[in-house]
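A structural walkthrough
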Number of protein chains: 2
Amino acid sequence: MQIAREAGVAQSTVSRVLNGGSVAPETRRRVLEVVAKYDFQPSQAARSLVGARSGLIGVVIRDLTNPFYPVMVKAMERVLHEHGMRLSLVTDVMTAEEGLALLRREGVDGVVFTSAVQDEPLAHRMIGHGIPVVLCHRTLDDFPADQVEADNDTAGELAAAHLLDLGHRRIAMVCGLAGASTARQRGHGFRKRLRTAEGVTLTEIDGAYDYATAYEAVTALLAGAEPPTALFCHNDVMAYAALNAAAAAGVAVPDELSVVGCDDVPLSAWERIALTTVRQPLERIAQVGVELLLERLDHPERPHRHEVLPVEFVGRSTTGPA
Amino acid sequence: MQIAREAGVAQSTVSRVLNGGSVAPETRRRVLEVVAKYDFQPSQAARSLVGARSGLIGVVIRDLTNPFYPVMVKAMERVLHEHGMRLSLVTDVMTAEEGLALLRREGVDGVVFTSAVQDEPLAHRMIGHGIPVVLCHRTLDDFPADQVEADNDTAGELAAAHLLDLGHRRIAMVCGLAGASTARQRGHGFRKRLRTAEGVTLTEIDGAYDYATAYEAVTALLAGAEPPTALFCHNDVMAYAALNAAAAAGVAVPDELSVVGCDDVPLSAWERIALTTVRQPLERIAQVGVELLLERLDHPERPHRHEVLPVEFVGRSTTGPA
DNA sequence: CTGAAAGCGCTTACAG
DNA sequence: CTGAAAGCGCTTACAG
């Protein structure tokens, strides 16, 4: 370390001034001067090699293209940065398998999964390697880790209640990824509430939480014999797809078709979209997820927590009476 | 390295089988068996400490919330992953200053700037520290590094030509960030082309490449005495703001107001938006940026390159005759 | 083809 | 308060 040499002290002394050990004021001043002169930045590689922690948290977000996720990334980054930590992102550019291998090489202190899916053992394997994990946004039953999610069951209920109130009886649901807890819960809440009314027909189609998939599915649905008068989409992106598919098919929203989404991404509030949807507290979910993980790092033995955050119905212009 | 011990070989031998040195087939088999048994992943920290490279590339993307950028991140990640490298993101969660300090600690092999701005010395300083840099999307005059950008001057011209052809004469331009080359060039091309016509009034307002800023500015503009009949926005996000501000103000698009954007983000093709815009090859810009940087790593002494990629006018539904 | 040794840049006890 | 030493987990010459 040439900083040490130039300041005329030992390496360990430089380390102490940088990390806040006890150092004589004059010594500290001298070291800081040299540090400033070269704008010296200590190597993270060396630090994480020797230290107990790398200061890196892995974040698994597969589809960065869904406007939902940049918001989450940002919120997570903010919290991590406040704690002096960094984020390492895994997206769908690589397989989840590759991503987790990478995260282990990087020596992450923990990982946040936002895309957990039933029957996929990756999150379990991270735990097997002794790496703390938190499930954020999507959860898994009986998973041995901290979890945060929105109250998705209620989200489904709220959507159903709204549509029922408007008098809709021929209804379709555009479902999210099979295996995702959000899709299962939202579907469950929706169906449950629908059953409280008489004479309701429910058609379920698969949108896989993906714009293109939902667009095609809705286009086919609208071209069918008895198209529904209302649609509940398991997320906003699929609702946008539905809105656009309806526009392309010349189906008027909300006059001929009502559309309800789920998420309330900022885009949904735009005047040109004005999507009726159920808001989940995106940033809060992200924030709580990271905080749970950070607490876990300090207290490995505490019992796991499972937070469920409230949702809220947001009425806008894409729904109307049947 | 307990892999070495369990396989009964030296550390250096394990290293060779992992990195492809010459190893006897039987030895290799034995080592790989143990590696597989533990799903062993070599520490990146140790590797980058000893090796010449860290395999990390810094990517400075300030506003992840503009749908433009996730597309770029994804494209960059793809190219990097093909080369066995990783990306380290710097967003506006921290100051640029902090971000670059972090990047240096992490020992990045190079950095891609997508947000270069006149009179900001950060990119220069990276070069001063001996770290290769590429300017991607936004460029700087006489900057001593590789650069890629779209033909933004032509983009401005195409927008102007289209509006002029439609007969518009009272025109406004919603400008991007002062200091960004894209804003300067798009503005320049637009004005230049406007000057070829008679009796044109051009009002310029500042939108700072930001949704909220542009929304307010356009709202004020439309409330003014003689509002323009056409708008050129320096990017798509500001055009969305204009579309929404117009909707809120009850101004019909395109009947009373024509709107042209610039970028052609996927969103712009949505039926509910159908924005007339000038396409720049987003993914190609990202890809070329990373490739230039990767080549630079191997050939530090080659002369700098400056690529300018073609743009293309995309007519959709937000523009009409004056 | 393979092993022993040195060293990358730090931090962490341990003396003094 | 400060320094000398050991060691984190790798790779890279260097012998053999």
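This is a predicted model, so every value here is computed, not measured.

Some words on the relation of the copies chain B and chain A
Note on the copies: chain B fits chain A at an RMSD of 0.0 Å, the axial shift is 0.0 Å, and the rotation between them is 180 degrees. In short, the pair behaves as if placed about a two-fold rotation axis. For chain B, the residue whose C-alpha comes nearest the rotation axis is Ala45 of chain B, separated from it by 2.2 Å.

Here we look at the interface of chain B and chain A
Across the contact, 52 residues belong to chain B and 52 residues belong to chain A. Both sides together, the interface formed by chain B and chain A hides about 4600 Å², and carbon and sulfur atoms give 54% of it. Broken down residue by residue, the surface that chain B buries against chain A is led by Arg86, Arg105 and Arg272 of chain B, which jointly contribute 18%. Counting across the chain B and chain A interface gives 10 salt bridges. At the boundary of chain B and chain A, one finds 24 residue pairs in polar contact (both at pLDDT 80 or more). Residue assignment for the side of chain B that touches chain A shows that the elements contributing at least two residues are α4 (44–50), α5 (68–82), β2 (86–90), α6 (96–105), α10 (211–223) and α11 (236–249) of chain B.

A closer look at the packing of aromatic side chains
What the rule picks out here adds up to 10 aromatic pairs over all chains. Centre to centre, the rings of Tyr211 of chain A and Trp270 of chain B are 5.1 Å apart; their planes meet at 5 degrees, and the pair counts as stacked. Pair noted here: Tyr211 of chain A is in helix α10 (residues 211–223) and Trp270 of chain B is in the loop between β9 (258–260) and β10 (277–279), and the two residues belong to different chains. The class for Trp270 of chain B is buried, based on a relative accessible area of 12%. Connected via pairs of aromatic rings, a cluster forms that spans Tyr211, Tyr215 and Tyr240 of chain A together with Trp270 of chain B.

Quick notes on the domain arrangement of chain A
All names here are of chain A. Each assigned domain of chain A is listed here: domain 1 (2–42), domain 2 (53–150 + 282–310) and domain 3 (152–280). Each partner contributes residues to the interface: domain 2 has 15 residues there, and domain 3 has 17 residues. Together domain 2 and domain 3 conceal approximately 1300 Å² of surface at their shared face, both sides included; 50% is due to carbon and sulfur atoms. Note that Arg184 and Asp141 form a salt bridge whose closest N and O atoms lie 3.8 Å from each other. One can count six residue pairs in polar contact (both at pLDDT 80 or more) joining domain 2 with domain 3. Only α5 (68–82), β5 (146–150) and α12 (282–298) provide two or more residues apiece to the side of domain 2 that touches domain 3. Considering only residue class, the side of domain 2 that touches domain 3 consists of eight nonpolar, four polar and three charged.

Conventions used here
Residues numbered from 1 in each chain as written. Chains lettered and ligands numbered in written order. Predicted model: local features only at pLDDT ≥ 70, side-chain atom pairs only at ≥ 80, totals over all residues. Heavy atoms only, no water. Least-squares fit on C-alpha atoms with pLDDT ≥ 70 in both. Contact = heavy atoms within 4.5 Å. Buried area = accessible area lost by both parts, 1.4 Å probe. Salt bridge = Lys/Arg side-chain N within 4 Å of Asp/Glu carboxyl O. Polar contact = N/O pair within 3.5 Å; in protein donor to acceptor, adjacent residues only side chain to side chain. Helix = DSSP H or I, 4+ residues; strand = E, 2+ residues; numbered from the N terminus. Phe/Tyr/Trp six-rings, centres within 6.5 Å; stacked < 30°, edge-to-face > 60°. Buried < 20%, exposed > 50% of the residue type's maximum accessible area, 1.4 Å probe, protein only. Domains from an automatic or database assignment. Nonpolar A, V, L, I, M, F, W, Y, C, P; charged D, E, K, R; others polar.

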